[in-house]
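Residue strings, one per chain:
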Amino acid sequence: MSRRTRRDSTAAPSGAARCTVTVCRGCCCGTVAKVPRLDHEAQLTDLRSTLSGIAAIRRTDCLDACERANVVVIQPSAEGRKAGGRPVWLGQVNDPGAAADIAAWVREGGPGLAEPPAVLDLYAFQPSRRVRAELHDE
């Protein structure tokens, strides 16, 4: 069982008014041992700076999908959820282009409000029901 704790976040002024991007940086994700040749902190910093004022960025210890390191979850804004958007889980986000595509999608509105770039289909996966339930995504 994983332990999910918020290490730091950029809170949205009105709570769920913006998308939330959760970036796993636990036992596997965010480690050079599991994903070499990627500056993990630079990736997180880039997402934070690119999405500042647009989305809440959370860093978490583990999303319990270690075989897909690095994992990023994009949760829709309140408006996106009303429009039918649901959290999108992305795995193997291990290059700057993927993070840039995620940021572009979130800037356009994210789940429920904008179509994701087609390339993100390569990263999308469905976590187990147990993991989704723990994150209150169902």
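(A) Representation of the environment of Ala 100 within the structure. With respect to the secondary-structure elements, Ala 100 resides in helix α3 (residues 96-108). With 53 residues separating them in the primary sequence, Ala 100 and Leu 47 have C-alpha atoms 7.8 Å apart.

(B) Looking closely at the pattern of salt bridges. Scanning the entire structure with this criterion turns up 1 salt bridge. Between Arg 59 and Glu 41 there is a salt bridge whose closest N-O contact spans 3.1 Å. Residue Arg 59 is found in strand β3 (residues 55-60), and its partner Glu 41 is found in helix α1 (residues 40-50); the two are separated by 18 residues along the sequence. By relative accessible area, which is 15% here, Arg 59 ends up buried. On the basis of relative accessible area, Glu 41 is assigned to the partly exposed category, the value being 39%.

(C) Quick look at the packing of aromatic side chains. Under the criterion given, the structure shown has 1 aromatic pair. Taken together, a centroid distance of 5.9 Å and an interplanar angle of 75° make the contact between Trp 89 and Phe 125 edge-to-face. One end of the pair, Trp 89, is in strand β5 (residues 88-90); the other, Phe 125, is in strand β6 (residues 124-125), with 36 residues separating them in the sequence. Neither Trp 89 nor Phe 125 differs from the other in exposure class; each is buried.

(D) Structural view of α3. Taking 1.5 Å per residue, 13 residues should reach 18 Å; α3 reaches 19 Å between its end C-alpha atoms and fits that length. What α3 keeps buried is the set Ala 98, Ala 99, Ile 102, Ala 103, Trp 105 and Val 106. Mapping the buried residues of α3 onto a view down its axis gives an arc of 165°, with all of them on the same face. For α3, the exposed residues set more than 90 degrees away from the buried face come down to Pro 96 and Glu 108. Its buried side turned inward, α3 meets β2 (19-24), α1, β3, β4 (72-75) and β5. In this structure Asp 95 caps α3, since a side-chain oxygen of it lies 3.0 Å from the backbone nitrogen of Gly 97. One or two positions beyond α3, positive phi appears at Gly 109, with a value near 130°.

The rules behind each value
Residues numbered from 1 in each chain as written. Predicted model: local features only at pLDDT ≥ 70, side-chain atom pairs only at ≥ 80, totals over all residues. Heavy atoms only, no water. Helix = DSSP H or I, 4+ residues; strand = E, 2+ residues; numbered from the N terminus. Salt bridge = Lys/Arg side-chain N within 4 Å of Asp/Glu carboxyl O. Buried < 20%, exposed > 50% of the residue type's maximum accessible area, 1.4 Å probe, protein only. Phe/Tyr/Trp six-rings, centres within 6.5 Å; stacked < 30°, edge-to-face > 60°. Expected span 1.5 Å × (residues − 1). Arc of directions from axis to C-beta. Contact = heavy atoms within 4.5 Å. Polar contact = N/O pair within 3.5 Å; in protein donor to acceptor, adjacent residues only side chain to side chain.

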